[in-house]
Amino acid sequence: MRFTGTLKTWNLSVIAFVAYGLDKAAARTGHWRTAEGTLHLFSLAGGWPGALLAQQFLRHKTSKQSFIAVSWFAVAINVAAFVAWHAGALRALGWASAA
């Protein structure tokens, strides 16, 4: 069961990385761009590792401070949820079933 969750996170990371790459290519060629909210949604949904890697390796969205702040907020939300899950806090609140 845990492997499935890890696999989903990596799939979302790959999707996020590809979305950043496509947006970077669109920015260079003047084509339709991916909305920033969509990029943030990929991060918030668990694809934040791929999003952070894309920002660094593709040098995309690295100069817009407001975008970077929201990106790191998405990372913090994911890390907090991970810690809460493993600490049993989410189960105690009834937000998740015991695995």
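Here the structure is shown first, and the text comes after it.
Residues numbered from 1 in each chain as written. Predicted model: local features only at pLDDT ≥ 70, side-chain atom pairs only at ≥ 80, totals over all residues. Heavy atoms only, no water.

**Some remarks on the packing of helix α2 (residues 36–57) against helix α3 (residues 65–87)**
Here's step 1: α3 packs onto α2 with a crossing angle of 85 degrees between their chain directions and a minimal axis gap of 9 Å. Taken together, the axis directions place α2 and α3 in an arrangement best described as roughly perpendicular. Along the contact surface, α2 presents E36, L39, H40, S43, L44, G46, W48, L52 and Q55, while α3 presents F67, V70, S71, W72, A74, V75, I77 and N78.
Here's step 2: Across the contact of α2 with α3, the residue classes break down as 10 nonpolar, 6 polar and 1 charged. (Axes fitted to C-alpha atoms, helices over the stretch in contact; angles between N-to-C directions. Helix = DSSP H or I, 4+ residues; strand = E, 2+ residues; numbered from the N terminus. Parallel < 35°, antiparallel > 145°, perpendicular 65-115°, else oblique. Contact = heavy atoms within 4.5 Å. Nonpolar A, V, L, I, M, F, W, Y, C, P; charged D, E, K, R; others polar.)

**Observations regarding the side chain of T34**
Here's step 1: Looking at the element boundaries, T34 is found in the loop between α1 (2–29) and α2.
Here's step 2: With a relative accessible area of 17%, T34 lands in the buried category. (Buried < 20%, exposed > 50% of the residue type's maximum accessible area, 1.4 Å probe, protein only.)

**Structural notes on α2**
Structurally, the α-helix is built with 3.6 residues per turn, so residues lying three or four positions apart point the same way.
Here's step 1: The end-to-end C-alpha distance of α2 is 18 Å, clearly below the 32 Å that 22 residues give at a rise of 1.5 Å each.
Here's step 2: Here α2 has its buried residues at L39, H40, S43, G46, G47, P49, G50, A51, L52, A54 and Q55.
Here's step 3: Backbone geometry just downstream of α2 places R59 in the positive-phi region, at approximately 50 degrees. (Expected span 1.5 Å × (residues − 1).)

**Things to note about the environment of L44**
Here's step 1: Within the secondary structure, L44 is located in helix α2.
Here's step 2: Given a relative accessible area of 43%, L44 falls into the partly exposed group.
Here's step 3: A sequence separation of 31 residues divides L44 from V75, and the C-alpha atoms of the two residues are 7.1 Å apart.
Here's step 4: If near-sequence neighbours (up to four positions away) are discounted, L44 is found in contact with A74, I77 and N78.

The values are spatial; any link to function lies outside them.
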